[in-house]
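Letter by letter, the chains look like this.
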Amino acid sequence: MSRLSATLSRVKPSPTIAVTTKAQELKAAGRDVIGLGAGEPDFDTPEHIRAAGIRAIQEGKTRYTAVDGIPELKAAICAKFKRDNGLDYVPAQVSVGTGGKQILYNALMATLNPGDEVVIPAPYWVSYPDMVLLAGGEPVSAPAGIETGFRLTPEALEAAITPKTRWFIFNSPSNPTGAGYSRDELQGLTDVLMRHPHVWVMTDDMYEHLAYDDFEFCTPAQVEPALYGRTLTCNGVSKAYCMTGWRIGYAAGPQDLIAAMRKIQSQSTSNPCTISQWAAVEALNGSHDFIAANNAVFKRRRDLVVAMLNQIEGVECPTPNGAFYVYPSIAGLIGRTSAGGALIMDDEAFATALLEETGVAVVFGAAFGLSPNFRVSYATSDEALEDACTRIQRFCAGLR
Ligand SMILES: Cc1ncc(COP(=O)(O)O)c(C=O)c1O
């Protein structure tokens, strides 16, 4: 295509989708590929939630709905925020969209003007900076490296804030590191935010329920109630409820912001899938027993992957307390050459050689704004993980 918009030229396609596509191509060509790139649970949507979707179809709940969600779902979301986070919201403060992705995008589109800055701790979920760019703003990375357990320090947050800062995006537990902030760690950040009343908080709590060991999830408006009036608390059913394909995400925050987000949605996609909304009502109101069962499996896989990766000389893999990712550093391997003759000059070269020489697909750290690392998604079977980690061990042992 010859002529694209200036805005589009500012963004890049999602690297995580690119890795998944490349792995699928190699698989289709007959290669033995293990994909550790995808950010979705390998479990099916629980039976009672699927049944609610089927029931919605059979009952004819298949028409347009209110643009930003049916009243039943908004009520379920208000109840969820009260139950899980101690936050009081009314339905007019709630927006439901086509996945967490659309919610975040709508909020940025609704609020950013040219030159507005958005502070994003790095490493970050790949879509944050590009969404900011699409909305006309400027992403500002704030370093949250391995030395601080991939957690942003109050000093680093303070240093990133300028008079132009519009939003601070917060994500705990994090994609791509799995790091979750304790209440004290989060309080350190909210104390900084209290000194900067022009900065709003967009908290992406997508991995709230995927937490291990004794990690206790908390969210900014809960830790610092004085931030409630300038916080958009975002969440969704994709990850914890194994509903990535249903496309339901939601947020709660100030009513005028929610109205602005509704306006964008009304002129773009309209309501999220009606059937999925009814399934999400069941997800939020129904039994949550499956989450603990799934988390026991995720924790076992996390421990397996962390142990096997830490056996590799030159690799350092911290143990995360949430989500289903690990983000090992390969600082000790940079500059070496693989058995297949590839020079590992950075994490992208590492991931490319690993895929070509062993068939293991991971996402390189530069995609998430912090190198030299790679991200492993352990939301796949124990057998595949053990096989993949053995191949990674062998590949690294072959580096000279
Ligand atoms: C941190 C984070 N936020 C939001 C999303 C988007 O979720 P959804 O599939 O509901 O759009 C993802 C998905 O990968 C994510 O990792």
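Residues numbered from 1 in each chain as written. Predicted model: local features only at pLDDT ≥ 70, side-chain atom pairs only at ≥ 80, totals over all residues. Heavy atoms only, no water.

The name given to the chain in an unreviewed UniProt entry is aspartate transaminase, with the source organism recorded as Roseovarius azorensis. Per UniProt, the chain has the following entry under Catalytic activity (unreviewed entry): "L-aspartate + 2-oxoglutarate = oxaloacetate + L-glutamate". (UniProt positions renumbered as here; feature names shortened; annotations may be inferred.)

(A) Region of the structure containing the site of the ligand. Neighbouring residues of the ligand: 13 residues in total, closest Gly-100, Asp-204, Tyr-207, Ser-238 and Lys-239. Take Gly-100: an N or O atom from its main chain is 2.7 Å from an oxygen atom of the ligand. At 2.9 Å, a backbone N or O of Lys-101 approaches an oxygen atom of the ligand. Out of a free accessible area of 390 Å², the ligand has 92% covered by protein chains. The element that contributes the greatest number of residues to the shell around the ligand is helix H4 (residues 99-111), accounting for 3 residues. Residues of the shell around the ligand, tallied by class, amount to 4 nonpolar, 5 polar and 4 charged. (Near = heavy atom within 4 Å. Polar contact = N/O pair within 3.5 Å; in protein donor to acceptor, adjacent residues only side chain to side chain. Areas by Shrake-Rupley, 256 points an atom, 1.4 Å probe, with all protein chains shown as cover. Helix = DSSP H or I, 4+ residues; strand = E, 2+ residues; numbered from the N terminus. Nonpolar A, V, L, I, M, F, W, Y, C, P; charged D, E, K, R; others polar.)

(B) Inspection of the packing of helix H3 (residues 71-85) against helix H10 (residues 274-285) at higher detail. For the pair H3 and H10, interaxial distance at closest approach is 9 Å and the crossing angle is 25°. Considering the angle they form, H3 stands roughly parallel to H10. Handedness of the H3/H10 crossing: left-handed. Touching Glu-72, Leu-73, Ala-76, Ile-77, Lys-80 and Arg-83 of H3 are Gln-277, Trp-278, Ala-280, Val-281, Leu-284 and Asn-285, all from H10. (Axes fitted to C-alpha atoms, helices over the stretch in contact; angles between N-to-C directions. Parallel < 35°, antiparallel > 145°, perpendicular 65-115°, else oblique. Left-handed = near helix turned anticlockwise from the far one by under 90°. Contact = heavy atoms within 4.5 Å.)

(C) Quick look at the sheet that holds strand E11 (residues 363-364). Strand order in the open sheet formed by 3 strands is E9-E12-E11, with antiparallel pairing between adjacent strands. A strand with exactly one partner marks an edge of an open sheet, and here the two such strands are strand E9 (325-326) and E11. Note that E11 and strand E12 (residues 374-377) share 2 bridges and pair antiparallel. Paired with Phe-364 across the bridge in E12 is Phe-374. (Pairing = 2+ DSSP bridges.)

(D) Structural view of the pairing of strand E3 (residues 117-122). Along E3, 6 of the 6 residues are buried, which leaves the element largely enclosed by surrounding structure. Side chains Glu-117, Val-119 and Pro-121 project from E3 onto one buried face, and the interleaved Val-118, Ile-120 and Ala-122 project onto a second face that is buried too. Relative to strand E4 (residues 138-143), E3 runs parallel, the two sharing 6 bridges. Following the sheet pairing, Pro-121 is matched in E4 by Ala-142. A crossover links E3 with its parallel partner E4, the connecting element being helix H5 (residues 127-134), and its sense is right-handed. Where E3 meets strand E5 (residues 165-171), 3 bridges bridge the pair, whose relative direction is parallel. (Buried < 20%, exposed > 50% of the residue type's maximum accessible area, 1.4 Å probe, protein only. Right-handed = clockwise from strand over helix to strand, strands pointing away.)

(E) View of unusual backbone geometry. Residue Ala-122 is joined to Pro-123 through a cis peptide bond whose omega torsion reads 10°. Take Pro-123: it is sitting in the loop between E3 and H5. Cis geometry is adopted by the peptide bond preceding Pro-176, which originates at Asn-175 and carries an omega value of 25°. Mapping Pro-176 onto the fold places it in the loop between E5 and helix H7 (183-194). Look at Ala-323: it is not a glycine, yet its phi comes out positive at around 55°.

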